[in-house]
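Residues per chain, in single letters:
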Amino acid sequence: MTDQHEAEPSAEPGAATAATATADGTGAPAGGPPRGRLTGSAIIRAVTEGQTAVIVILAFFVALVIGAVLIVASDPVVLRAWASFGYAPGTALSATWTSVSAAYSALFEGSIFSPATISAAFHGGSIAAIFYPLSLTAFEATPLILTGLSVAVAFRAGMFNIGAAGQWIGGAVVATWLGYAVNLPVVLHAVVCIIGAFVGGAVIGWIVGVVKARTGAHEVILTIMLNYIMYNLLSFLLTSQNLMQAPKQTNAVAPGIASSAMLPHVGGPPPQVGVGFLIAVAAAAATAWLLSRSTLGFQFRTVGASPSAARSAGISVERVWILAFLIAGGLAGLSATTIVQGQTAPLTTTSYGTYGFDGITVALLGRARPWGVVLAGLLFGALDAGGTVMEAATGVPSDVVNVIEALIVLLVAAPPLIRLLFRLRRTGGTGPQAIASKGWSG
Amino acid sequence: MTTLTAPVRVPVSISRRYLAAGTFILLGLIDILVFGFFAHRGDARFALSLPGATPRLPVIHVPGALMSYVLGAISIGVGILRAAVDLPRWGKRLSIAVVLLCFLLSLLAWADAGNSVGPLQVIDLLQGTLTASIPLVLGALAGLLGERAGVINIAIEGQLLTGAFVAAAVASVTGGVWLGLIGGSLAGGLVGAVLAIFAIMFLVDQIIVGVVLNVIALGLTNYLYDRVMAPYANTFNAGNTFATIKIPVLGNLPIIGPIFFDANIFLYITYALILVIQIALFRTRWGLRVRAVGEHPVAADTVGIRVLWNRYRNVILGGMVAGIGGAYLTVGSVGFFTSDISSGFGYIALAAMIFGRWTPLGAVAAALLFGFSFQLQTELSILRVPVSSFILLMAPYIATIIAVAGLVGRVRPPAADGKPYVKA
């Protein structure tokens, strides 16, 4: 602790400059191109040089095109039309267009808004219905934002958290137990559960940090192993009558939590924007403050940039590893509350879904920056919400949405590829630099 | 063990020596206090031949509690020896093996003693261990082919999954299981090629490409499964499998025969690949170059070794090996593809590779440990052992954490692993 205090005076001014350097959206550690005003020429330059936002948009576009190819190539109607392309090329092209546009308009209507609801509102329908798709998007985005923040915090401290799934389970188990086994008044109960979930996730994260700090074991292996331990622990808890299995149940399911522990909803028809979404945004704000304004965050970023430099500057690298993983785990635990306390369905052995791994893609797309993670989470939430509607409306499996999401991340991580595809000029800088490559020993 | 080990012998840290000894003694105490004291009255029975097999070996009867006491005493003895004497390298490895074996045997004795279901089917257990290890071994070999050349391959899971999907589809459409195997291997190689292009040409973080490729592989196979394979299952998912090949003479040996020499072609391919890769990596010029590229690409480049070419080739070769592992999951075992059939084997293979310190034989040992625990869980549920199978399933993961945390010494990856090479 003593070296900690010695480091602080010199750390403070550095924190301020580093914060301004990273706030300029490009996120390039080397300092991106200076950010000009949004004049016409600046916009043209941004497009031709392929700056972050442009790269993301182009990557999104390419991913949608590949997704369209997948949809068309697996549509029997379209394939039959193409088989007779020689006789009726128009039919083939129109069948292709119908197939893709039906799927993508359902995707849009399920996530952003549906024109039908607007005309309905003019004819005496519900105005709230217009915002229903958006509420679905926010609902789907909530757990993704939180696991994304979890992965992002670890990234900024130079570590890779594949273990958000395990930490999620840690949070879910504690929140569920507090939710059904403890009797508390309405608001207090929910708050206790939320804190419990944070602690539950943080403990799992802390284990990773401590083992890494003490023994130098790589966090990727530790987190993967802890994921499997937690999957099995959850199954064990939910299949043991005297532990967490719901009474008189043969299925692996926990008791439903008390209504006093449920997160309330804000307006609209169900599923509404829950308090969970507000928690996610608040967590993003807190993480943003932590990373760019606090001494601890400065230490995180210093260790992330160069552990050896951080050590010679008097920062305890081990302490940073432990704390970063503790906070990352806590955020993944919060993600669990938004599901466990935000939905009426009880905890099961599949509740953790793919939130942990989706958090990685969300954090990557958000460039490990808290507000970037929120935007990326909303984009993925929209795609997920729209994907469900698309599957119901057109029969196109929503898995195609997962492919599109992953493709966006892959393409955004490789700006040179996008520049190559769209013949964009190379900039002097590195452009949107992804998280630096470190390897196992990093 | 390899030419990579530092010539100077680092003095063994005292704490690790006592840590290992303490763990051994702890395991010995568990043998005695848990498996010994809580053993049911009666003998533990071990059946050494499959039901109906010839020649038929007698079922071995051992008093359960007594066996655990003896095994526990051996473990404690080894632990004391480990603490008292600075054992040579092979001695340390042997001591770990002995203590683990004692622990497993006493667990089995405890599980079977006084059981009404019947004797423990030892052959079944070991046979299952081997077949369950096939995708893990091949996945780990795929990983270390890439990593020895300096490219981290987290996409093993995606390569297994794509290999499994394509193998099932090709075998089903063409009716040829061999074509399925080749198709699966090529599909894995394709995923490897994408990984190589993004990691080597575009310098994207290798762990990130790997994770993203896994997500893409899962999404793509799920999508095509729901959209094409499941609705037209007769055409695309007919469930063709390889037949079992019993090796003449060797396959008739008692105990060894059914375990090692009576399986389908995938087990024999796995033997061959283990042998070839182990020898190629450490005994050939090819292997020396690969390792040079993975340890010190600048030096390798200076003497005229083509660094990037080596990396591309190895990552793609690795993908093809993992693709064979994926093909095993469908045409080598159940025949049908199902959603997420690889179910995390790729990540476990990754752990096996690290656990095995980036050597083929080490990775095989680690993969067998995982395979054993999967199969053990099946056997114990047959014996209706009153322990939740989920606790048993946790064991290998906990063991891996203990291993990477330093019980078996610090693992050291190839020096340039994960670092893109840009010519100066």
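Note that the structure is a prediction, hence the values are computed from the model and not measured.

**Quick notes on the overall build of chain B**
Working step 1: If you tally the helices and strands in chain B, you get 16 helices and five strands.
Working step 2: Here the C-alpha atoms of chain B give a radius of gyration of 23 Å, agreeing with the 22 Å that 2.2 N^0.38 yields for 424 residues.
Working step 3: Projected onto its principal axes, the C-alpha positions of chain B cover 65 × 60 × 40 Å.
Working step 4: Counting over 424 residues, chain B shows a buried share of 51%.
Working step 5: Here the analysis covers contacts within chain B between residues at least 6 apart in sequence; of these, 77% occur between residues at least 24 apart.

**Some thoughts on the pairing of strand β1 (residues 43–47) of chain B**
Residue and element names in this part refer to chain B.
Working step 1: With four of its five residues buried, β1 lies for the most part within the structure.
Working step 2: Inspection of the sheet shows β1 paired to strand β2 (residues 60–63) by four bridges, in the antiparallel sense. Residue pairing across strands places Arg45 opposite His61, the latter belonging to β2.

**Comments concerning the domain arrangement of chain B**
Residue and element names in this part refer to chain B.
Working step 1: Annotation of chain B at the domain level lists domain 1 (14–118) and domain 2 (123–407).
Working step 2: For domain 1 versus domain 2, the distance between C-alpha centres works out to 30 Å.
Working step 3: Opposite the 14 residues of domain 1 that make contact, domain 2 presents 12 residues.
Working step 4: Within the residue set of the side of domain 1 that touches domain 2, elements represented by two or more residues are α1 (14–36) and α3 (89–112).

**Details of the interface of chain B and chain A**
Interfaces are often sized by the accessible area lost when the parts come together.
Working step 1: Chain B puts 43 residues into the contact, and the matching count from chain A is 45 residues.
Working step 2: Elements with a minimum of two residues in the side of chain B that touches chain A: α7 (206–229), α14 (345–355) and α16 (389–407) of chain B.
Working step 3: A total of 17 residues in the side of chain B that touches chain A trace back to one element, the largest contributor, which is α7 of chain B.
Working step 4: Taken together, the residues that form the side of chain B that touches chain A break down as 30 nonpolar, seven polar and six charged.

**Considerations on the sheet that holds β1 of chain B**
Residues and elements named next belong to chain B.
Working step 1: In space, the three strands of this open sheet follow the order β2-β1-β3, with mixed pairing throughout. Strands with a single pairing partner mark the edges of an open sheet, and in this sheet they are β2 and β3 (120–121).
Working step 2: Bridge analysis of β1 against β3 gives two bridges, and the strand direction is parallel. Opposite Ala47, over in β3, you have Gln121 as the bridge partner.
Working step 3: Against the sheet, α3 makes contact with β1, β2 and β3, and its axis sits at roughly 110 degrees relative to β1, the strand it touches most.

**A few points about helix α6 (residues 115–122) of chain A**
In an α-helix, one turn spans 3.6 residues; hence positions three or four apart end up facing the same way.
Working step 1: Little of α6 of chain A is tucked away: zero of the eight residues are buried.
Working step 2: Trailing α6 of chain A by a residue or two, Gly124 of chain A shows a phi angle of about 90 degrees, which is positive.

The rules we used
- Residues numbered from 1 in each chain as written.
- Chains lettered and ligands numbered in written order.
- Predicted model: local features only at pLDDT ≥ 70, side-chain atom pairs only at ≥ 80, totals over all residues.
- Helix = DSSP H or I, 4+ residues; strand = E, 2+ residues; numbered from the N terminus.
- Rg over C-alpha atoms; globule rule 2.2 N^0.38 Å.
- Buried ≥ 20, exposed ≤ 12 C-beta atoms within 10 Å, placed from the backbone.
- Contact = placed C-beta atoms within 7 Å.
- Pairing = 2+ DSSP bridges.
- Domains from an automatic or database assignment.
- Nonpolar A, V, L, I, M, F, W, Y, C, P; charged D, E, K, R; others polar.
- Axes fitted to C-alpha atoms, helices over the stretch in contact; angles between N-to-C directions.

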